[in-house]
Amino acid sequence: MKRFAFASSALLVLALAAPSAFAQGKPAQTPAVKATPTAGQAPAAPARFVKTVKGIATIELIRTPSRKIGGEMVTLLKIRNTSPLAISLLKVDEYWYDKKNKVVTGDTQAHRKPFLAGEIIEITMKAPLKPDLYASNYMFSHAGGEIKLKTVKKFE
C-alpha cells in the first residue's frame, strides 16, 4: 500500500508540473512591416538563377585618366559585358610600373554579383601613391575562365 501511495503521489506531482515545464510562451507580436518601394523604385524581384559564361567572356572598357587623390592614384573603369551570358565573379587587377618596368604597386577589385549581358558597371581602382609611378596595366578574369578585352572611347 505504501508503494501505491508513493507512486500515485509522484504521478500527481509530475502531472501538475509537466504543463508548466513544457509550456511555451507566445513570442512577442511585432507589427508587420510591409516593404513598399520608395518613389521611383520598382519592387524587389525574387531571386533567380542566371546562366554564366564558361570559357572566354568579352567586355568593352572605357578607362578614364588616373588622378592623384590624397595618398592614392584613382582610376575609374567603365565596363560593359558584350558576352551573350552573364559573367560570374569579374575580377580586375591593376599593376603600376616604374620607368624600369618593375611593378611598384597595384590594386584588386571584384564585382561579386553576376555581371549580366549588356550591363554597364563602374569599378574604381585605388592604388597607393608612390613617387615613381609611370604606367599601369590591367588584368581581367572571371570564375569561368578568361576575359577578352576591347578598349573603346564610348559604348554604342
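Here is what the cut-offs are and how they apply
- Residues numbered from 1 in each chain as written.
- Predicted model: local features only at pLDDT ≥ 70, side-chain atom pairs only at ≥ 80, totals over all residues.
- Heavy atoms only, no water.
- Pairing = 2+ DSSP bridges.
- Helix = DSSP H or I, 4+ residues; strand = E, 2+ residues; numbered from the N terminus.
- Core = buried A, V, L, I, M, F, W, Y, C linked by side-chain atoms within 4.5 Å.
- Buried < 20%, exposed > 50% of the residue type's maximum accessible area, 1.4 Å probe, protein only.
- Lys, Arg positive; Asp, Glu negative; His and termini not counted.
- Salt bridge = Lys/Arg side-chain N within 4 Å of Asp/Glu carboxyl O.
- Contact = heavy atoms within 4.5 Å.
- Polar contact = N/O pair within 3.5 Å; in protein donor to acceptor, adjacent residues only side chain to side chain.

**Here we look at the pairing of strand 5 (residues 103-111)**
So, point 1. Where strand 4 (residues 90-97) lies against strand 5, eight bridges are found, and the strand directions are antiparallel. When the bridges of strand 5 are listed, Tyr 97 appears paired with Val 103.

**What to know about the nonpolar core**
So, point 1. Judged by nonpolar contacts, the single largest core of 16 residues is most densely connected at Ile 79, Leu 90, Val 92 and Phe 140.
So, point 2. Looking at this core, the elements that each hand over two or more residues are strand 1 (57-63), strand 3 (72-81), strand 4, strand 6 (120-128) and strand 7 (135-142).

**Notes on the side chain of Asp 107**
So, point 1. Structurally, the position occupied by Asp 107 is in strand 5.
So, point 2. The side chain of Asp 107 is buried and forms no salt bridge, while Lys 126, the nearest opposite charge, is found at 8.1 Å.
So, point 3. When residues no more than four places from it in sequence are discounted, the contact partners of Asp 107 are Val 92, Asp 93, Glu 94, Thr 124, Met 125, Lys 126 and Ala 127.

**Quick word on the side chain of Glu 60**
So, point 1. Structurally, Glu 60 is set in strand 1.
So, point 2. Taking the relative accessible area as the measure of exposure, Glu 60 reaches 12% and is therefore buried.
So, point 3. Separated by 2.9 Å, the side chains of Glu 60 and Arg 80 make a polar contact.
So, point 4. Every residue in contact with Glu 60, bar those within four places of it in the chain, is listed here: Lys 78, Ile 79, Arg 80, Thr 82, Lys 150, Val 152 and Phe 155.

**Focus on the pattern of salt bridges**
So, point 1. This structure, assessed with the given rule, holds two salt bridges.
So, point 2. With a shortest N-O distance of 2.9 Å, Arg 80 and Glu 60 are connected by a salt bridge. Here Arg 80 is found in strand 3, whereas its partner Glu 60 is found in strand 1, with 20 residues between them in sequence.
So, point 3. Residue classification places Arg 80 among the buried positions, given a relative accessible area of 17%.
So, point 4. Lys 91 is the partner of Asp 93 in a salt bridge, and the nearest nitrogen-oxygen pair spans 4.0 Å.

**Some points on unusual backbone geometry**
So, point 1. The backbone of Leu 89 shows a phi angle near 55°, a positive value even though the residue is not glycine.
So, point 2. Along the chain, the position of Leu 89 falls in the loop between strand 3 and strand 4.
So, point 3. Note on Leu 89: relative accessible area 42%, which makes it partly exposed.
So, point 4. Here the phi dihedral of Asn 101 falls at roughly 60°; this positive angle occurs in a residue that is not glycine.
So, point 5. Mapped onto the elements, Asn 101 comes out in the loop between strand 4 and strand 5.

**Looking at the pairing of strand 1**
So, point 1. When you tally the buried positions in strand 1, you get five out of seven residues, the bulk of the element.
So, point 2. Pairing geometry for strand 1 and strand 8 (residues 145-151), over five bridges, is parallel. If you follow Leu 61 over to strand 8, its bridge partner there is Thr 151.
So, point 3. With five bridges connecting them, strand 1 and strand 3 associate as antiparallel partners. Bridged to Ile 59 within strand 3 is Asn 81.

Any link to function would need more than the numbers given here.
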